[in-house]
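Descriptive structure summary
Listed below, chain by chain, are the residues.
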2 protein chains.
Amino acid sequence: MANLQPGKPLDMAAIKVACANCNLHNLCLPLGIDTRDIERLDDIINRKRPLARGEYLFQAGAPFHAIYAIRSGSVKSFTATEDGQEQVTGFHLPGELVGLDAISSDTHNCSARALETTSVCEIPYPQLEELSALMPSLQRQLLRVMSREILQDEHMMMLLGRKAADERLAAMLMSMSNRFKQRGFSPREFHLSMSRNDIGNYLGLAVETVSRLFTRFQEDGLLETERKHVRILDLARLSVLAGANRISPDE
Amino acid sequence: MANLQPGKPLDMAAIKVACANCNLHNLCLPLGIDTRDIERLDDIINRKRPLARGEYLFQAGAPFHAIYAIRSGSVKSFTATEDGQEQVTGFHLPGELVGLDAISSDTHNCSARALETTSVCEIPYPQLEELSALMPSLQRQLLRVMSREILQDEHMMMLLGRKAADERLAAMLMSMSNRFKQRGFSPREFHLSMSRNDIGNYLGLAVETVSRLFTRFQEDGLLETERKHVRILDLARLSVLAGANRISPDE
DNA sequence: CCGCTTTATTGACGCAAATCATTGTTTGTC
DNA sequence: GACAAACAATGATTTGCGTCAATAAAGCGG
């Protein structure tokens with residue numbers, strides 16, 4: 001974000017974009033960093049103009065120079081398979097970081113596109129690395145965020161490897177629900193910014209299967225959908241389905 | 001590894017276990033770190049007695065206090081699903097780090113077991129974090145290794161989400177082949193230390209499917225197997241299958 | 001060396017989900 | 001406001017892979 005000058009407390013634009021004033025800062029990189037140090041982090045962050053739906057945050061193959069934190073809106077990241085099809089690797093909500101997989105290769109391996117009007121904070125990586133060496137709390141948080149990403153990916157591997165279609169969709173919906181809740185929104189009613197196609201792609205399912213599952217969930221009284229708007233009626237049951245064992249089909 | 005005392009150059013045990021003398025050090029954490037600093041890294045590393053096949057390196061739920069580098073042998077890591085079944089999340093060869101997913105939660109989320117007689121280097125995490133703050137090159141490499149892990153997991157997600165059974169096994173074999181090659185072994189002939197069960201579990205396939213695929217690959221002249229010993233006959237074709245497009249089934 | 005357990009291979013069968021096909025609905029553009 | 005393009009829903013059909021079952025081979029402890 002733009003530099004926050006302590007001498008200009010009335011500059012709304014500057015205030016709004018400072019990490020210290022961002023209501024996401026305990027979900028994001030500044031977590032666990034004290035106020036003085038957050039300002040130093042602020043200083044290296046660039047605020048970009050909002051992206052329109054469909055715009056690229058970065059594209060696969062581009063040289064890597066920054067990671068991005070979502071401030072508002074949402075983003076999908078995806079790689080291309082060898083045969084040119086895309087594979088969605090994640091959906092990112094405000095407070096989440098995108099581009100961490102590019103650190104090792106100095107090149108973006110996946111692309112990221114805005115799913116709706118989205119604003120992001122650009123964090124130049126060389127400077128982040130440098131600052132991390134000076135601020136143990138930042139280094140610590142950066143490593144934690146990356147570790148969490150690994151954990152989530154492992155969770156996803158389990159989902160794709162072992163779970164049935166309905167369990168996958170339920171898990172995805174529960175994940176969204178929990179993340180919206182974390183961000184102060186309703187866990188029972190929200191807007192899915194991605195298409196059914198993206199959902200299917202992400203979950204390793206055909207679009208048709210996703211569509212059918214939404215209608216089945218609705219028939220079963222689990223939820224109601226109106227296009228991309230979802231209202232969960234039975235959060236408990238959905239949660240069970242998401243982490244369900246398939247032990248007793250005898251009832 | 002045990003502290004290497006400069007005054008005792010004839011202490012073979014001490015020499016052998018020092019990072020500086022380890023032939024894996026350009027695959028492992030010391031990559032890109034100069035000789036002087038490697039010694040400081042050495043100082044915090046503990047060398048453990050070799051683990052027998054089946055022994056746990058750590059178990060899920062245990063408090064996290066160290067990450068591990070494989071020195072020799074191999075390890076599988078796995079989580080338990082809600083219904084108590086296990087899901088293999090990775091196989092680890094010498095030079096690779098295990099336990100990175102525990103950093104964010106202070107608790108091991110997955111277990112790691114030796115697939116054969118295995119020796120590892122234990123790297124206490126608090127000290128590693130501390131040292132990283134002092135050594136930019138170490139911090140840099142640690143972040144790179146974690147980023148690479150994220151990248152690999154994304155690759156795995158694509159495998160599980162989009163690829164057919166034969167492509168998955170081919171990709172897994174190619175991965176092993178490449179990793180053996182990196183370590184100075186033959187890329188065409190190697191020993192798979194894990195069971196068919198583990199392979200199937202890892203790839204999201206039934207054991208029977210893995211078995212059938214091995215026989216099919218053999219019939220197709222791609223490879224020869226004798227139990228766990230694999231000899232790849234047509235590396236090129238296997239590689240194509242691993243990253244294959246499914247465009248032209250018309251031949 | 002012999003039974004016992006674990007692991008691997010192979011076959012028959014069924015089902016969950018992919019694919020194909022059609023229609024309806026929404027969104028964006030000129 | 002009309003048209004095209006993208007998206008969503010639903011039915012019909014096919015198929016890849018999981019499940020079940022049986023046998024064989026290998027590893028292991030006494």
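Rules of the game
Residues numbered from 1 in each chain as written. Chains lettered and ligands numbered in written order. Predicted model: local features only at pLDDT ≥ 70, side-chain atom pairs only at ≥ 80, totals over all residues. Heavy atoms only, no water. Helix = DSSP H or I, 4+ residues; strand = E, 2+ residues; numbered from the N terminus. Expected span 1.5 Å × (residues − 1). Buried < 20%, exposed > 50% of the residue type's maximum accessible area, 1.4 Å probe, protein only. Arc of directions from axis to C-beta. Contact = heavy atoms within 4.5 Å. Near = heavy atom within 4 Å. Polar contact = N/O pair within 3.5 Å; in protein donor to acceptor, adjacent residues only side chain to side chain. Least-squares fit on C-alpha atoms with pLDDT ≥ 70 in both.

Here we look at helix H7 (residues 207-219) of chain A
Residue and element names in this part refer to chain A. Over its 13 residues, H7 extends 19 Å from the first C-alpha to the last, a length consistent with the 18 Å expected when each residue adds 1.5 Å. Restricting attention to buried positions, one finds in H7 the residues Val210, Leu213, Phe214 and Phe217. Taken end-on, H7 shows its buried residues confined to a sector of 100 degrees, consistent with a single buried face. Projecting away from the buried face of H7 at angles above 90 degrees are the exposed residues Arg212 and Glu219. Where H7 is buried, its residues contact helix H5 (165-182), helix H6 (196-203), strand S10 (223-226) and helix H8 (235-242). In the segment just after H7, Gly221 is the residue with positive phi, at about 75 degrees.

Some details on the side chain of Thr79 of chain A
Topologically, Thr79 of chain A is positioned in strand S4 (residues 75-80). Not counting chain neighbours up to four residues away, the residues in contact with Thr79 of chain A comprise Gln85, Glu86, Gln87, Thr89, Asn109 and Cys110 of chain A together with Met158 of chain B.

Some thoughts on the protein's contact with DNA strand D
Surrounding DNA strand D, one finds 18 residues, the nearest of these being Arg196, Ser211 and Thr215 of chain A together with Ala165 and Thr209 of chain B. Of what DNA strand D places within 4 Å of the protein, 68% of the atoms are sugar or phosphate. A distance of 3.4 Å separates a sugar or linking oxygen of DNA strand D from a polar side-chain atom of Arg227 of chain B. Those elements that provide at least two residues to the surface near DNA strand D are H6 and H7 of chain A together with helix H7 (207-219) of chain B. At 4 residues, H7 of chain A tops the list of elements feeding residues into the surface near DNA strand D.

Quick look at the relation of the copies chain B and chain A
Of the two same-sequence chains, chain B is brought onto chain A (RMSD 0.0 Å, axial shift 0.0 Å) by a rotation of 180 degrees. Taken together, these values place the two copies in the relation of a two-fold axis. An overlap of 100% is found between the interface residues of chain B and their copies at the interface of chain A, pointing to a shared contact surface.

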